[in-house]
Amino acid sequence: MTSRTVKRYADAAKPEDLFTGQRQARASVLDEYKTSLDDRWNEGGTNAWKLWEEIVPLGYQGSYQRVRAYLRQKHTSPRPVMARPPSPRVLARWILRRPETLTETEHLHLKNVRANYPEIDALTKHVQTFATMLTERQGERFVLATGIGHSRADPVTQRGCITEAEPEPEF
């Protein structure tokens, strides 16, 4: 190291003072299009060529290589690790099984899904109620006690997944 470099390091009051040069805070042709690229990236668009084709009609005049380099940084940057949501088949298996036969992990996953999706929670309650009616053979008494199909606040019946029986037409 030269004495000039040592003096520069010694005179710096904070580390940011050392970051000088023409590359710092220089505007890029891509800057105004980064938000749309980021949005498309978050939606799952990872093909640099297609994303470049999408921003050219918006007025981008830079090269494809610049877009590819920007997206390559996103490929190599660490992403937050998120658990994959369970498939519908796995979710149905968890709901249809007896709760006591679920493993602790399955029980926690189902509890998390039920907490985040009120429709799944209501559906799980309906399935458990129906299973109790079948296994204990107490259908009439159980329907009167719970009022299944009569709750307007139930998100499952609001969406039309479970509907109330319509009266028979009279002729």
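Now for a quick tour of the structure.

The rules behind the values
- The residue numbers shown here count from 1 along each chain, following its written sequence.
- It should be noted that, the model being predicted, local features are given only for residues of pLDDT at least 70 and side-chain atom pairs only at 80 or more, the latter also being counted only at that level, while totals for whole chains, interfaces and linings use all residues.
- Excluded from the side-chain calculation are hydrogens and water; included are all heavy atoms of the structure.
- What counts as a salt bridge is simple: a side-chain nitrogen of Lys or Arg found within 4 Å of a carboxyl oxygen of Asp or Glu.
- Each residue's exposure class comes from its accessible area (1.4 Å probe, protein chains only) as a fraction of the maximum for that residue type: buried when under 20%, exposed when over 50%, partly exposed otherwise.
- For every element, the axis is a line fit to its C-alpha atoms; helices are fit only across the contacting stretch, and the angle between N-to-C directions ranges from 0 to 180 degrees.
- For the purposes of this entry, the term helix denotes a DSSP run of H or I that reaches at least four residues, the term strand denotes a run of E that reaches at least two, and both are numbered from the N terminus.
- Orientation labels follow simple angle bins: below 35 degrees gives roughly parallel, above 145 gives roughly antiparallel, 65 to 115 gives roughly perpendicular, and whatever is left gives oblique.
- Note on contacts: a residue pair qualifies if any of its non-hydrogen atoms lie within 4.5 Å across the two residues.
- In this classification, the charged set is Asp, Glu, Lys and Arg, the nonpolar set is Ala, Val, Leu, Ile, Met, Phe, Trp, Tyr, Cys and Pro, and all remaining amino acids, among them Gly, are polar.

1. A word on the pattern of salt bridges
Any two side chains of opposite charge can pair, so long as their charged atoms come close to each other. For the structure on display, the rule yields nine salt bridges. When the shortest N-O distance is used, the salt bridge between Asp 31 and Lys 34 registers 3.3 Å. A salt bridge links Arg 98 to Glu 100; the nearest nitrogen and oxygen atoms lie 3.9 Å apart. Per residue, the accessibility class of Arg 98 equals that of Glu 100, and both read exposed. Beyond isolated ion pairs, a larger network of salt bridges with shared partners links Arg 40, Glu 43 and Glu 54.

2. Some thoughts on the packing of helix H5 (residues 88-96) against helix H6 (residues 104-116)
It is the contact of H5 with H6, at a shortest axis distance of 11 Å, that shows an interaxial angle of 105°. Accordingly, the angle class assigned to the pair H5 and H6 is roughly perpendicular. On the side of H5, the interface is formed by Leu 91, Trp 94 and Ile 95, while H6 contributes Glu 106, His 109, Leu 110 and Val 113. Partitioning the contact of H5 with H6 into residue classes produces five nonpolar, one polar and one charged.

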